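In case you want the letters, here they are:
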Amino acid sequence: MLELVDESGNTIGTAEKLSAHQAPGRLHRAFSVFLFDPAGRLLLQRRALGKYHSPGVWSNTCCGHPYPGESPFAAAARRTHEELGVSPSLLAEAGTVRYNHPDPESGLVEQEFNHLFVGLVQSPVRPDPEEVHETAFVSPQELTALHERATFSAWFMTVLDAARPAVRELTGPAAGW
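Every value quoted in this text rests on a predicted model; they were computed, and no experiment measured them.

Caption draft 1: Broad picture of the side chain of His-28. Assignment of secondary structure puts His-28 in strand β3 (residues 28-36). For His-28, the side chain forms a polar contact with the side chain of His-21, separated by 3.3 Å. There is a polar contact of 3.3 Å between the side chain of His-28 and the side chain of His-65. Those residues in contact with His-28 that sit more than four places away from it in its chain are Leu-2, Glu-3, Leu-4, Val-5, Ala-20, His-21, His-65, Glu-110, Gln-111, Glu-112 and Phe-113.

Here it is, written out as structure tokens:
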């Protein structure tokens, strides 16, 4: 179950996950995590091939939906550990973004009020193969090259652009984000 929200992010009800993503989509709470290594490289994940939504595409470190009543921060920390087998050594709020992104492949719609988080990871990732097909740490230049040749989630650039001020604060000017 997902939390349905209004345009201000106030909870207005719940819906089953798949039904909330079926066109035209229902606005619901989500989160996106961007973790960086000590060198300022972003941890990306390529979603597992068996996922019903956006399988096999590259995306941010972790994303998902809080359980009804669960705080977005707690959900972000929980899912990062479940999907990647790591707990961030630092995790900070980085704002929110609202978007509506249809996925042309599946016909599903990401109509989300998304809570953004940035942080650091300092231990090796141990991805759950049911959730993550592969991972990569990338610099801004490597991300640009990968983005030109690979498929990314429909929401990736929206959430990255919204998180950039916090990313720059976390990684510093030398990292180039």
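Caption draft 2: Structural detail: unusual backbone geometry. In this structure, the amide linkage connecting Ala-23 to the following residue, Pro-24, adopts the cis form with an omega of 5 degrees. Looking at the element boundaries, Pro-24 is found in the loop between α1 (17-21) and β3.

Caption draft 3: Examining empty space enclosed by the protein more closely. Evaluation of the coordinates by the stated rule reveals one cavity of 30 Å³ or more. Its volume calculated, the largest cavity comes out at about 40 Å³. Every residue lining the largest cavity is listed: Gln-45, Arg-47, Lys-51, Ser-59, Cys-63, Glu-83 and Glu-131. For the lining of the largest cavity, the class distribution of residues is one nonpolar, two polar and four charged.

Procedures and definitions
- Residues numbered from 1 in each chain as written.
- Predicted model: local features only at pLDDT ≥ 70, side-chain atom pairs only at ≥ 80, totals over all residues.
- Heavy atoms only, no water.
- Helix = DSSP H or I, 4+ residues; strand = E, 2+ residues; numbered from the N terminus.
- Polar contact = N/O pair within 3.5 Å; in protein donor to acceptor, adjacent residues only side chain to side chain.
- Contact = heavy atoms within 4.5 Å.
- 1 Å grid on protein atoms, 1.4 Å probe; cavity = no way out; pocket = protein on both sides within 12 Å on 5 of 7 lines; lining within 4 Å.
- Points joined across faces, edges and corners; volume = space filled by probe spheres on them.
- Nonpolar A, V, L, I, M, F, W, Y, C, P; charged D, E, K, R; others polar.

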